[in-house]
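# Fold and contact review
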Amino acid sequence: MERHSLTKGKDEADSGGMGKKYYIAGNWKMHKTRAEAAALAKELVQALKDGKHKYLIAPSFTLLETAAPLVKGTNIRLGAQNCAPEEQGAHTGEVSVLQLKELGVQTIILGHSERRHNYKEDDALINKKVHLALKHGFEVILCVGELLEEREAGKAEAVCERQTTEGLKGVAATELDRIVIAYEPVWAIGTGKTATPEDADSIHACIRKVFGKLYGAAAAEKLIIQYGGSVKADNVVALMAKENIDGALVGGAALKAETFVPIAKF
Ligand code: PGA
């Protein structure tokens, strides 16, 4: 049985699961100048205007003002890659949700593994950011995922359970329609190694179960869980065919229209 669709059945074209609407997001990380960002945003707007999925691009902070008017009113949402845990104040080098809101940002990616591991963000800090982003009306993509050594030690599920539970601590049931989880095994990010569709699906199922324990089965069924980690045109179909995979968070392949569009329109 097909689990659910972002369009709640409206776009169901077949019974094989590929008629559902997926959420395909591009995380541009620390790439591109304003001119390059504008060129890519324009190409994507054009190429995806008849796309049937939900789309998002997340450029660097300095590119948001350039990208915002280009995607406004299109089927591509504007995302930021992070935000500060405070609204404003003496926080040198940080960017506030108020500043992101002003630029037209709709979604904030939080807890990305590069933030967790390279910049030492812990679950408590990420949870604080989740609350602040929700308070200001943003959609949140909360990233979770295990390190290679954690996977090898058989701890992948436990890590994802902890990151999901701690990341969402105190989030109200009324806010869940603005929560998306991205499962990104750290060993698969930017490495060319992808989790097999079966391995990814089994962690997605575990995350959904954890979410169900927190918020009930109906909420768990509706939860959108993206997979991230070396998603490419040649593996997207097999990944998205899995019951518990509802979209993709794409890094490297999101940097060019020629690699992102085939994923976005799979
Ligand atoms: P990748 O990055 O597609 O380059 O592996 C994914 C991500 O970090 O979101």
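Residues numbered from 1 in each chain as written. Predicted model: local features only at pLDDT ≥ 70, side-chain atom pairs only at ≥ 80, totals over all residues. Heavy atoms only, no water.

If you tally the helices and strands in the protein chain, you get 11 helices and 8 strands. Each principal axis of the C-alpha distribution contributes one length, and for the protein chain these read about 45 × 40 × 35 Å. Relative to all contacts within the protein chain whose residues are 6 or more apart in sequence, the contacts with residues 24 or more apart total 70%. When the accessible area of the protein chain is evaluated, it comes to approximately 11900 Å², of which 53% is carbon and sulfur surface. (Helix = DSSP H or I, 4+ residues; strand = E, 2+ residues; numbered from the N terminus. Contact = heavy atoms within 4.5 Å. Areas by Shrake-Rupley, 256 points an atom, 1.4 Å probe, with all protein chains shown as cover.)

So, about the site of the ligand. In the vicinity of the ligand lie 13 residues, with Lys29, His112, Glu184, Gly190 and Ser230 positioned nearest. In the model, an oxygen atom of the ligand is placed 2.7 Å from a nitrogen or oxygen of the glutamate 184 side chain. Backbone polar atom of glycine 190 to an oxygen atom of the ligand: 2.7 Å apart, as the coordinates give it. When the free accessible area of the ligand is taken as 290 Å², the share hidden by the protein chains comes to 97%. (Near = heavy atom within 4 Å. Polar contact = N/O pair within 3.5 Å; in protein donor to acceptor, adjacent residues only side chain to side chain.)

With that settled, consider the pattern of salt bridges. Two side chains with opposite charge may pair up if their charged atoms get near one another. By the definition in use, this model includes 17 salt bridges. Glutamate 86 is the salt-bridge partner of lysine 128, the closest N and O atoms lying 2.7 Å from each other. On the criterion of sequence distance, the pair formed by lysine 128 in helix α5 (residues 123-135) and glutamate 86 in the loop between β3 (76-80) and α3 (97-102) is long-range, its members being 42 residues apart. Residue classification places glutamate 86 among the partly exposed residues on the basis of a relative accessible area of 28%. The partner of aspartate 199 in a salt bridge is arginine 151, with the nearest N and O atoms 3.9 Å apart. A residue pair is termed long-range when its members are at least 10 positions apart, and aspartate 199 in helix α8 (residues 197-215) and arginine 151 in helix α6 (residues 148-152) qualify at 48 residues. (Salt bridge = Lys/Arg side-chain N within 4 Å of Asp/Glu carboxyl O. Buried < 20%, exposed > 50% of the residue type's maximum accessible area, 1.4 Å probe, protein only.)

Once that is clear, we can look at the sheet that holds strand β4 (residues 107-110). Ordered in space as β1-β2-β3-β4-β5-β6-β7-β8, the 8 strands form a closed barrel in which the pairing is parallel. With strand direction ignored, the average angle separating the axes of adjacent strands in the sheet is 25°. Of the strand pairs in this sheet, strand β2 (residues 54-58) and β3 are connected by 3 bridges, and their pairing is parallel. Within β3, the residue paired with isoleucine 57 across the bridge is leucine 78. (Pairing = 2+ DSSP bridges. Axes fitted to C-alpha atoms, helices over the stretch in contact; angles between N-to-C directions.)

For leucine 132, the location among the structural elements is in helix α5. Given the relative accessible area of 9%, leucine 132 is considered buried. Separated by 126 residues in the primary sequence, leucine 132 and glutamate 258 have C-alpha atoms spaced 35 Å apart. In this structure, leucine 132 is in contact with Ala84, Pro85, Glu86, Glu87 and Val97, ignoring residues within four places of it in sequence.

Note that glycine 212 resides in helix α8. The buried category is assigned to glycine 212, whose relative accessible area is 18%. With 166 residues separating them along the chain, glycine 212 and glutamine 46 place their C-alpha atoms 38 Å apart. Discounting residues that sit within four places of it in the chain, glycine 212 has contacts with Ala217 and Ala220.

Of all residues in the protein chain, 93% attain a pLDDT of 70 or more, and the chain-wide mean is 94. Mean pLDDT across the elements of the protein chain ranges from a minimum in α6, with 94, to a maximum in β4, with 99. Every residue in residues 7-17 scores below 50 in pLDDT, and together they form 13 contacts with partners more than four places removed in sequence or on other chains. (pLDDT = per-residue confidence, 0-100.)

Moving on, we come to the environment of glutamate 114. Structurally, glutamate 114 can be placed in helix α4 (residues 113-118). A sequence separation of 72 residues divides glutamate 114 from valine 186, and the C-alpha atoms of the two residues are 8.6 Å apart. Once residues within four sequence positions are removed from consideration, glutamate 114 is found in contact with Lys29, Tyr119 and Ile189.

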